[in-house]
Each structure stands twice: as structure tokens, then as C-alpha cells.
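Report on the structure
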Amino acid sequence: MTRIELTVNGEQRSAEVEPRLLLVHYLRETCGLRAANVGCDTTSCGACTVLLNDVSVKSCTVLAVQAAGMSVTTAEGLAPDGELHPVAAAFRQNHGLQCGFCTPGMVMAAVSLLAENPHPTEEEVREGLEGNFCRCTGYHNIVASVLDAADVLDPGGTRAAGVSA
Amino acid sequence: MIPAPFDYVAAQSPEHALELLAEHGDDAKLLAGGHSLLPMMKLRLATPAVLIDIGRLSELAGITADDGELVIGATTRHADLAAAELARSQAPLLAHAAALVGDPQIRHRGTIGGSLSHADPAADLPMALLALGGRVELTGPDGVRTVSADDFFVGFFETVLRPQEMLTAVRVARKPGVPWGYQKFVRRANDWAIVGVAAVDGRVALANMGSRPLRATAAEQAMADGASAAEAAELAAEGTSPGEDIHADREYRAHLARVLTRRALEHQR
Ligand SMILES: Cc1cc2nc3c(=O)[nH]c(=O)nc-3n(C[C@H](O)[C@H](O)[C@H](O)COP(=O)(O)OP(=O)(O)OC[C@H]3O[C@@H](n4cnc5c(N)ncnc54)[C@H](O)[C@@H]3O)c2cc1C
Ligand code: FES
Ligand code: FES
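What counts as what
- Residues numbered from 1 in each chain as written.
- Chains lettered and ligands numbered in written order.
- Predicted model: local features only at pLDDT ≥ 70, side-chain atom pairs only at ≥ 80, totals over all residues.
- Heavy atoms only, no water.
- Helix = DSSP H or I, 4+ residues; strand = E, 2+ residues; numbered from the N terminus.
- Rg over C-alpha atoms; globule rule 2.2 N^0.38 Å.
- Buried < 20%, exposed > 50% of the residue type's maximum accessible area, 1.4 Å probe, protein only.
- Contact = heavy atoms within 4.5 Å.
- Areas by Shrake-Rupley, 256 points an atom, 1.4 Å probe, with all protein chains shown as cover.
- Lys, Arg positive; Asp, Glu negative; His and termini not counted.
- Charge placed at Lys NZ, Arg CZ, Asp CG, Glu CD.
- Buried area = accessible area lost by both parts, 1.4 Å probe.
- Salt bridge = Lys/Arg side-chain N within 4 Å of Asp/Glu carboxyl O.
- Polar contact = N/O pair within 3.5 Å; in protein donor to acceptor, adjacent residues only side chain to side chain.
- Axes fitted to C-alpha atoms, helices over the stretch in contact; angles between N-to-C directions.
- Parallel < 35°, antiparallel > 145°, perpendicular 65-115°, else oblique.
- Left-handed = near helix turned anticlockwise from the far one by under 90°.
- Domains from an automatic or database assignment.

Moving on, we come to the overall build of chain B. Scanning chain B from terminus to terminus reveals 12 helices and 14 strands. A compact globule built from 269 residues should have a C-alpha radius of gyration of about 18 Å, and chain B, at 18 Å, falls within 12% of that. Taking the principal axes of its C-alpha atoms as reference, chain B extends roughly 55 × 45 × 35 Å. The buried share among the 269 residues of chain B stands at 57%. Once local pairs closer than 6 in sequence are excluded, the contacts in chain B between residues at least 24 apart make up 61%. Carbon and sulfur atoms make up 49% of the accessible area of chain B, which totals about 11100 Å². Computed over 26 positive and 34 negative side-chain charges, the inter-centroid distance for chain B is 5 Å.

Next comes the structure, spelled out in C-alpha cells:
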């Protein structure tokens, strides 16, 4: 067993974990945070996406011990007061989900994408979400949600000309 | 899927990592980004007894320029390499290759040292390093040795790294403004190349055309002798030995190598 100290959704935590414990299992089973889903379990689908020190990672392919000393944010952590984060709100507004299984991962990937590129073009959103699969295949509205969220988060910004939103 | 049990040590410094490697030898594996090693451990294709985590060693990360070369630390993440202005201006082919690895989440975790040490013949960075004629620094109990990309990759997922050595840095010649071409043929999102081609400065490297990244030497020779891009590209699959899988048989891979080499030579940036 290895002792780890880390921050999860702003809360300092300490735990004794087996080194082979995956971060996604630590979050779901130890912390009781069920937003990050296990879909493929093979680093492909992105359903398990969370932020590690503010950038998106697939938590099925990170050991909990690798997150020691770092800060983890799950979709729950985007809404500490119960009010939807602008990206989550944009998904609701634009019908960016169907069954919802991929949604927490999509939202976290989108938050990371918009932090790196506040005004992506449609193509950049599609490429930026390359690591997230939606088996309901509602990609059109997911892309529209992210473009909409970009306008809400940074109303004054502009994206590259000539690409339709 | 859960990996088999192992002991875990977070290295406190590069020297500590080397001490741990010396102590545990073949039973241990270095853990950098974990984006090749952990998937293999989850499938139990790898069952190391000890993992030595070098992923948070900031001493090993970062990009600097010395006189003629760009020096990239082993634990530099793909996303950081792709975004670094220094890399984009001095070794744009390498930055571009890093930007095409997997997907954003994978690029946030995977490291250049891990990718090169893993030596997947289908991977982007090994091919890019070979095209650039780059070198790797391998640090072991007896000090540092520098090995050229031409000599580093020796077989299927196999390099000249010894069990007690760690890849500590990558060196590529600074080539600002030198035209380069990069072609990666994929069918699925966040996937490895079915065939890849990187071309710069008279060198042409191929991904997934054999058990290791290969030079298209016949095409290079033809170019040196004055052949056109189209003529040289016809020779791109000579001397290669591609495998077969659900995506492509040998004949199709050879065809892709020729077509992508022509594109890489004709559409240079
Ligand atoms: C779904 C998926 C898609 C991918 N797609 C692509 C792609 O399109 N193109 C591509 O190129 N790659 C792709 N990859 C692989 C990715 O680039 C990995 O990040 C990379 O191959 C390994 O880097 P790492 O830092 O994660 O290494 P790790 O997994 O930590 O280590 C890999 C191996 O290298 C050894 N090692 C690590 N660092 C060192 C070092 N400094 N010295 C000596 N040995 C070391 C380890 O012991 C291990 O054997 C993909 C991976 C996944 C999971
Ligand atoms: S469950 Fe992690 S990527 Fe699919
Ligand atoms: S909404 Fe069902 S998987 Fe995306």
C-alpha cells in the first residue's frame, strides 16, 4: 500500500492505496464521485476524462499514485454550488447529450480544450474532442454545445474567420 | 482491467531513478506517462515487479536550444512539445509529429522518452526522430552515451537501451525554415498510423513498414541522384517488410508508402 495526498475537487484528501489502483476507480469507489465513467477501459473512448492539474486525462490510464501531489477535477467539481458550469449548461441548452454516458467526459475534455484555445473553430472542436466517443453519435450537437460555451465563457473573443459555427 | 500487483516507487531525482534501476534490474520498469506501459499492464502483457515513476521529475522535462541542436528532456509531454514555440520554429517536423499522437488526453500524459523507448514501429515520434537524424542520450551506471536514431531502434518494440539505462534527453539539429513533409494515414480517431511518412532534408522515414521505423533508402538515393519526387516515391517500399492486420495487407501498405512518400515530398511546409 502507498499513501497518497492529493486534491480532489478542491478538497485535500489522503488515502492508503494499492499502487495498481486506477485513478478512475479511486474517484468512483473511494471518493464516491461517479461522474467519470468507465467505457472502453482501453484509453480510447474518453468517458473517464477528468482534469489532472487542469488538463484533460483519461483516468482509466492513470494510477491513483501518479496523481499524488496533484489536483484532480471531476464533472462534480465543476458545479461546487450546484449551479451548472457554462460548458455543462451549454450541453443542456444545445441538446448535446442523448443517453448521457459520454457526457461527463465530453464536458471535461471541452473544459480543457477551451482553456487551451478559448475560441476554437468547428474543426478545432472536432479535433479537440478526438479522444471522446459518443455511441449515441450525437456529435453535431456536442460540437454546437462547445462552440456555444466558448461564446458564453469569452463573449468578446473571435474565432478564425471563414469557418461556420 | 486491473494490472497485476507491483511495487511502486516515485523517483525523487534522475539519479535516484538510476539507483533504483541498478537495484531492481530487469524486474523494474520506468513509468513515464504510462500511456503505453499501463495499457499493456492492464492486459497483463507486461507484469513488472517494480515501477519506478519518473513522470513528475521536472529535471527531465523541458526544451532548450544549444548551438546547433534542440535538446528535449525525456519526460517532456507530447502536448508541451507540440505547443512549444522553440520546437515549432527549430524542429517543426518534430512538433507536428507530437501534435498528431493519439488525442489531446493522451498528449497531456505521454512523453517523448516513453514513446521512443517503447519503440512502436507505428508511432509518430520514432519516425520523426529518424527522419530528422536525431540522437538520444542514454544515461546508465557508467555515464551518458549518445546514440543516433539510425542505431537506436533495433527491432519490434526493441531498442539498444540496457536494463540499467534511462533515456534522459533527445537531440535534433535545429533546422528553421527547412521544408519538411509529414503524412499519417489513419482510419480511426486517435489511432496509430496504418502507414506514416516523414521527409526532411533528403531523408525519408517510414512508420509501420517493418518491425522498426525504417529509412526509405532507395528513395533517398534516387533523390540524391536527381530523381523527381514522383520517381523517388516509386521506390519508397523497397527493402521494407510491413506486417498485415485488419487495416491493411502487405501490398496495400507498400502502395500507401509510395503514395504517402510522394505526398510528403511534393507537399512540403
Ligand atoms: C489509445 C492510444 C493511442 C495512441 N496513439 C498514438 C499515436 O497515434 N502515435 C503515437 O506515436 N503514439 C500513440 N500512442 C502512444 C503514446 O504516444 C504513448 O504516450 C507513448 O508511446 C509512451 O509514452 P509514455 O511516456 O506514456 O511511456 P510509458 O508508458 O510510461 O513507458 C513506455 C515504455 O518506455 C519505458 N520508458 C519510459 N520512459 C523511459 C525513459 N526515459 N528511459 C527508458 N525507458 C523509458 C517504460 O519502461 C515502458 O517500457 C497512443 C497510446 C494510446 C493509449
Ligand atoms: S474508459 Fe478510459 S478512455 Fe474509455
Ligand atoms: S450521449 Fe450516449 S454515448 Fe454520448
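How big an interface is tends to be reported as the loss of accessible area on association of its parts. Listed as interface residues are 34 residues of chain A and, on the opposing side, 28 residues of chain B. Between chain A and chain B, the buried area comes to about 2300 Å², and carbon and sulfur atoms account for 57% of it. Summed over the three residues of chain A that lose the most area to chain B, namely R20(A), Q66(A) and E130(A), the buried surface amounts to 28% of that side. At the surface where chain A touches chain B, the tally comes to 2 salt bridges. In this structure, the salt-bridge partner of D103(B) is K58(A), at a minimum N-O distance of 2.6 Å. Between chain A and chain B we count 14 residue pairs in polar contact (both at pLDDT 80 or more) in total. Contributions of two or more residues to the side of chain A that touches chain B are made by β3 (49-52), β4 (55-58), α3 (103-116) and α4 (122-128) of chain A. Here the element with the most residues in the side of chain A that touches chain B is β4(A); it accounts for 4 residues.

This next bit is on the packing of α3(A) against helix α5 (residues 139-153) of chain A. All names here are of chain A. Here α3 crosses α5 at 45°, and the two axes come no closer than 11 Å. In terms of their interaxial angle, α3 and α5 are classed as oblique. Crossing hand, α3 versus α5: right-handed. Taken together, the residues of α5 that come into contact with α3 (itself represented by M106, A110, L113 and L114) are Y139, I142, V146, A149, A150 and L153.

All names here are of chain B. Looking at chain B, the domain boundaries give domain 1 (7-53), domain 2 (58-173) and domain 3 (180-266). Distance from the C-alpha centre of domain 1 to the C-alpha centre of domain 2: 18 Å. Contact residues are listed per partner, giving 14 residues for domain 1 and 14 residues for domain 2. Taking both sides of the interface into account, the surface hidden between domain 1 and domain 2 amounts to around 1100 Å²; carbon and sulfur atoms contribute 73%. On the domain 1 side of the contact with domain 2, P14, L18 and H35 bury the most area, a combined 39% of that side's loss. Our count for the domain 1 to domain 2 interface comes out at 0 salt bridges. For the pair domain 1 and domain 2, the interface holds 0 residue pairs in polar contact (both at pLDDT 80 or more).

Attention now moves to unusual backbone geometry. Backbone geometry places T137(A), a non-glycine residue, at a positive phi of 55°. Here T137(A) lies in the loop between α4 and α5. Backbone geometry at N208(B) places phi at a positive 65°, although glycine is not the residue there. Following the sequence through the fold, N208(B) ends up in the loop between β13 (203-207) and β14 (214-215). Assessed through its relative accessible area of 16%, N208(B) is described here as buried.

Residues and elements named next belong to chain B. Taken as a whole and assessed by the stated rule, the structure comprises 23 salt bridges over all chains. Two residues, K184 and D124, come together in a salt bridge whose shortest N-O distance is 2.8 Å. Here D124 lies in helix α8 (residues 124-132) and K184 lies in strand β11 (residues 180-185), a separation of 60 residues in the sequence. Of the two residues, K184 and D124, neither departs from the other in class, the shared state being buried. Three or more residues are tied together by salt bridges with common partners; here these are D66, E69, R135, E137 and R171.

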